[in-house]
Amino acid sequence: MKEAIQLARAILHDPSTRRKWMLAILVLTILLVAGGTWVFDTILASNPWLFIGYWGLTFLFVCFLLLFSLYDM
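Parameters and conventions
- Residues numbered from 1 in each chain as written.
- Predicted model: local features only at pLDDT ≥ 70, side-chain atom pairs only at ≥ 80, totals over all residues.
- Heavy atoms only, no water.
- Axes fitted to C-alpha atoms, helices over the stretch in contact; angles between N-to-C directions.
- Helix = DSSP H or I, 4+ residues; strand = E, 2+ residues; numbered from the N terminus.
- Parallel < 35°, antiparallel > 145°, perpendicular 65-115°, else oblique.
- Contact = heavy atoms within 4.5 Å.
- Buried < 20%, exposed > 50% of the residue type's maximum accessible area, 1.4 Å probe, protein only.
- Polar contact = N/O pair within 3.5 Å; in protein donor to acceptor, adjacent residues only side chain to side chain.

Visitor: Can you lay out the packing of helix H1 (residues 2-13) against helix H2 (residues 15-39) for me, pointing to particular residues and giving the numbers?
Guide: Each packed pair of helices is defined by two parameters, the angle between the axes and the distance between the axes. Taken N-terminus to C-terminus, the directions of H1 and H2 make an angle of 95°; their axes are 5 Å apart at the nearest point. Between H1 and H2, the angle is such that the two are roughly perpendicular. Note on element contacts: H2 touches H1 through Pro15, Thr17, Arg18 and Trp21, opposite Ile11, Leu12 and His13.

Put into C-alpha cells, the structure is as follows:
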C-alpha cells in the first residue's frame, strides 16, 4: 500500500511522467473505442452485460484521463 502511494505521488508530481501516463491512457482509450465500435461490435451486441462492462470500462478510462487533464491544468 505504501509503495502504491509513493508511486502515485511520483506520477502526479512529475509533469513528464504524468504526461506519459496521459498519453498511454489516451491511446488505450482510443483503441478501446475503436475496438468496441468496429472489432468487437457483434460480440458486445450479443450480451448486454458484456456491452455494459466493456463500455463502462471505457468510460472509466475517459474519466481517469479527464481527471489527469484537470490536474495537469
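Visitor: I'd love a proper account of the side chain of threonine 58, names of residues and values included.
Guide: Turning to its location among the elements, threonine 58 is positioned in helix H4 (residues 48-72). In this structure threonine 58 comes out as buried when scored by relative accessible area, which is 4%. Here the side chain of threonine 58 touches tyrosine 54 through a polar contact of 3.0 Å, landing on its backbone oxygen. Ignoring any residue separated from it by four or fewer positions in sequence, one finds threonine 58 in contact with Leu32 and Val33.

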